[in-house]
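Here is how the chains run, residue by residue.
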Amino acid sequence: MILGTTWVLLLTSLLAALEVQGRFNVFISQDEVRKLLGLSSELFYVRDGVVNTYAMNFIVPVPANITALHFSWQSLARSPLPYVWVVEYNNRDAMLEPLFNITARGVIPTQVQTFSVALPCTGVRSAEVRVVLQLNVTSYSRIQNDTSLYFRRNKICLRDYPDTEPPPRNDSIRLDPGSLTSTNATFYVAVSCACVMILLVVTVTSLSYVRNNKGRAQDSLHTSYTSGAYAGNPNVFIRLNSGLSGSYATIASCHKPPLTPTPSPYATSYVTTDGSTHHVYCKPASTRASSRVSYYASSPLIQVPQLDPADRVRRLNVLRKTITTKKLLQEGTFGRVYLGSFQPEADLHPQDVVVKTVSEEASMLQVSMLLSEGTLMYSLIHKNILPVLAANTDPCLPPLLVYPYISNGNLKRFLTQCRTRGGDHYTLVTQDLVEMATQIATAAVYLHSQRIWHRDLATRNCVVDEKLRVKVTDSALSRDLYPSDYHCLGDNENRPVKWLAYESLVHRTFSAPSDVWSFGVLLWELITLAQQPYSEVDPFEMAAYLRDGYRLAQPLNCPDQLFEVMTCCWIADPEDRPSFSQLLDCLYDFSNALGRYI
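Residues numbered from 1 in each chain as written. Predicted model: local features only at pLDDT ≥ 70, side-chain atom pairs only at ≥ 80, totals over all residues. Heavy atoms only, no water.

**Here's the deal with the overall build of the protein**
- A count of helical and extended segments in the protein gives 15 helices and 25 strands.
- Burial status across the protein gives 53% buried among its 598 residues.
- Taking the intrachain contacts of the protein between residues at least 6 apart in sequence as the baseline, contacts between residues at least 24 apart amount to 72%.
- As displayed, the protein offers around 26700 Å² of accessible surface, 53% of which is attributable to carbon and sulfur atoms. (Helix = DSSP H or I, 4+ residues; strand = E, 2+ residues; numbered from the N terminus. Buried < 20%, exposed > 50% of the residue type's maximum accessible area, 1.4 Å probe, protein only. Contact = heavy atoms within 4.5 Å. Areas by Shrake-Rupley, 256 points an atom, 1.4 Å probe, with all protein chains shown as cover.)

**Things to note about the packing of helix H9 (residues 430-449) against helix H12 (residues 512-527)**
- For the pair H9 and H12, interaxial distance at closest approach is 10 Å and the crossing angle is 165°. In terms of axis orientation, H9 runs roughly antiparallel to H12. Crossing handedness for the pair H9 and H12: right-handed. In this structure, H9 contributes Leu433, Met436, Ala437, Ile440, Ala441 and His448 to the contact, and H12 contributes Ala512, Asp515, Phe519, Leu522, Leu523, Leu526 and Ile527. (Axes fitted to C-alpha atoms, helices over the stretch in contact; angles between N-to-C directions. Parallel < 35°, antiparallel > 145°, perpendicular 65-115°, else oblique. Left-handed = near helix turned anticlockwise from the far one by under 90°.)

**Considerations on unusual backbone geometry**
- For Asn91, which is not glycine, the phi torsion reads 50° and is therefore positive.
- Assignment of secondary structure puts Asn91 in the loop between strand E6 (82-89) and strand E7 (99-100).
- Phi at Leu529 is positive, roughly 55°, even though this residue is not glycine.
- Counting through the fold element by element, Leu529 comes out in the loop between H12 and helix H13 (542-547).

**Considerations on the packing of aromatic side chains**
- Inspection of every chain in the model, using the stated rule, returns 14 aromatic pairs.
- Between the aromatic rings of Trp85 and Phe100, the centroid separation amounts to 5.0 Å while the plane-to-plane angle is 35°, which identifies the pairing as tilted. With Trp85 in strand E6 and Phe100 in strand E7, the pair connects residues that are 15 residues apart, well separated along the chain.
- Using a relative accessible area of 7% as the deciding quantity, one classes Trp85 as buried.
- One cation-aromatic arrangement involves Arg92 over Tyr89; the distance from NZ or CZ to the ring centre is 4.2 Å. (Phe/Tyr/Trp six-rings, centres within 6.5 Å; stacked < 30°, edge-to-face > 60°. Lys NZ or Arg CZ within 6 Å of the ring centre and 35° of its normal.)

**Quick notes on the nonpolar core**
- Counting residues in each nonpolar core, the largest one holds 66 residues, and the members touching the most others are Leu411 and Phe519.
- Residue contributions to this core peak at eleven residues, all from H9.
- The residues contacting Leu411, other than those within four sequence positions of it, are Met436, Ile440, Thr459, Cys462, Val463, Val464, Val470 and Leu526.
- If you look at the next biggest cluster of nonpolar residues, it comprises 37 residues, including Tyr83, Ile108, Phe115 and Val137. (Core = buried A, V, L, I, M, F, W, Y, C linked by side-chain atoms within 4.5 Å.)

**Side note on the pattern of salt bridges**
- In this structure the tally under the stated criterion is 13 salt bridges.
- A salt bridge links Asp456 to Arg460; its shortest N-O distance comes to 2.8 Å.
- Asp456 sits in the buried class, given a relative accessible area of 4%.
- When the shortest N-O distance is used, the salt bridge between Arg547 and Asp548 registers 3.4 Å.
- Under the relative-accessibility criterion, Arg547 is labelled partly exposed at 37%.
- For Asp548, a relative accessible area of 26% translates into the label partly exposed.
- Each of Lys412, Asp456, Arg460 and Asp485 takes part in one network of salt bridges that share partners. (Salt bridge = Lys/Arg side-chain N within 4 Å of Asp/Glu carboxyl O.)

**A closer look at the sheet that holds strand E1 (residues 24-28)**
- Taking strand neighbours across the sheet as the criterion, the six strands line up as E3-E2-E1-E5-E9-E7 in an open arrangement whose pairing is antiparallel. Here the strands that pair on one side only, and so sit at the sheet edges, are strand E3 (50-51) and E7.
- Here strand E2 (residues 43-47) pairs with E3 via two bridges, running antiparallel. By the bridge assignment, Arg47 is partnered in E3 with Val50. (Pairing = 2+ DSSP bridges.)

**Overview of the side chain of Lys498**
- Looking at the secondary structure, you find Lys498 in the loop between strand E24 (494-495) and helix H11 (502-507).
- A polar contact of 2.7 Å, which involves the side chain of Lys498, links it to the backbone oxygen of Tyr534.
- Reaching out from Lys498, the side chain makes a polar contact with the backbone oxygen of Val537 at a distance of 2.8 Å.
- Setting aside residues no more than four positions away along its own chain, Lys498 makes contact with His487, Val521, Pro533, Tyr534, Ser535, Val537 and Met542. (Polar contact = N/O pair within 3.5 Å; in protein donor to acceptor, adjacent residues only side chain to side chain.)

**Remarks on the state of the cysteines**
- A full pass over the atoms with the stated rule returns one disulfide.
- Disulfide pairing is shown between Cys121 and Cys157; the S-S distance is 2.0 Å. Looking down the S-S bond of the Cys121 and Cys157 bridge, the torsion is -70°, so its handedness is left-handed. Taken together, the residues Cys121 in the loop between strand E9 (113-118) and strand E10 (127-137) and Cys157 in strand E11 (residues 147-157) connect sequence positions 36 residues apart. Across this residue pair, the class does not change: Cys121 and Cys157 are buried.
- Cys569 supplies the cysteine sulfur nearest to Cys568, a cysteine that is in no disulfide, at a spacing of 4.9 Å. (Disulfide = S-S within 2.5 Å.)

**Points about the environment of Pro387**
- As for its placement among the helices and strands, Pro387 is situated in the loop between helix H7 (364-374) and strand E19 (390-392).
- Distance in space between the C-alpha atoms of Pro387 and Thr473 is 6.8 Å, their sequence separation being 86 residues.

**Regarding the packing of H12 against helix H14 (residues 560-569)**
- Running from amino to carboxyl end, H12 crosses H14 at an angle of 150°, the nearest separation of the two axes being 7 Å. With respect to their mutual orientation, H12 and H14 come out roughly antiparallel. When the axes of H12 and H14 are compared, the crossing they make is left-handed. Facing Val516, Trp517, Phe519, Gly520, Leu523, Trp524 and Ile527 of H12, the residues of H14 in contact are Leu562, Val565, Met566 and Cys569.
- Taken together, the residues of the contact of H12 with H14 break down into ten nonpolar, one polar and no charged. (Nonpolar A, V, L, I, M, F, W, Y, C, P; charged D, E, K, R; others polar.)

Read these as geometric descriptors, not functional statements.
Okay, here's the thing in structure tokens:
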């Protein structure tokens, strides 16, 4: 009995030693995180002596307008914890030696202390300076080992912007009444860098929150990442102003690269000075690019020659007897969608297909639009694209367009059924919706590589199967089948007014960035399960609302970092919007974090 008591006392003393020796905190305060990322969160690198290896493995970008880093720390041990700081950096002609406002050697304070590390650029040249701050902490306990931490930073230094001059303003995504005028003062760094860091902060804090709230951990993925800040009508729109101006890191003279067939698998941008280009990036210290970015976002692509609508219809034309219509699936004023079968050869087994056609009363203009829009994706081959299979244009009969049959059909109708029928249909969680968005973005990367702008990206122009695999299709008959999504503004042209970018709505210009804007609205549709965007806004007022800086509000239960992706799709200046490759990287990071932490 005495021996057992001795062992208990010994074990208790050992546990006490573990509690009091080598315990300390190192974190970034809310003010520092807000300055870097626009978020009100603390980021702990070490908490109660436990190192956050996930956070330590990230290389953090430091924009040109941030000249110093701020850390907070505190010793929780009863015995002194001596420390030594060691600094390593390259590109010494672009940046001077980093300077601490504390001694390089000393003892970690027992009260919370904030110290700074100045990163002074010379202004002589533009460069990306790799900085490693090594913290060595000594423990006098025989039980605890010494600790070495490595804080990796990439400091952006720009020529002619030494730290003795005022730093450039950080207002790259400010949306105000004058923000639609493009000026040289608007700066851009790849949006995915910010999204990666936003994701890092939120996932780390969310992990701590979930651990401390076991009951709430059983909630669905919808509520596990929710901000809880929006509880009213999900269609209410908000105005984005200077409150979001610090959400993304920006650097002067930093421009998004043009779309190429081989974009970087990570968030990328370029600083160009004196004819030389310097690569700026943000990525985890150890990650395999091949597992993060889809084939079409990282591999060379062969551009498919584009044909005019008449040539496409001629090449698609088959005998009418090979197409059979069976069951009416959707019907509009003049449009019809049928479930049917297609048997191109007599010795082949008929395959289930979807057939689009028009009624006898359809005008020649409506027939022409069906054929031109319905054959837009002819000859495109991609797992997330639904191309047209065949067509028939026999004289005196309505034309027929044949598409592969997808089990769950139109994505908008599918989402609406999930919202109205709940668990009786499908129970979609955040990860499902993000995966759908990723597939659509992958399809858009492929379309843009073929120099094709979709012009009408929306859930109504996508289809989904029973395994939630999504394919982007054309907009043929959408105006007739979804009339509430289109509006005529007195110009005899039905347009998806509430999905259009400002420049497309006002100037009728379409481009890759205008598709990005529409994708932001599509992402909002996914999160709200196909609710109507801007439902309270008169279509004739949309241009004025967008011009004045108003955008869709954050939906109920929408994760903050996912809403950040939407808002950067709605940046006023098209040149400042992210590319689909960059959006893919954000979505992959967010999806991976959902699977890892919840």
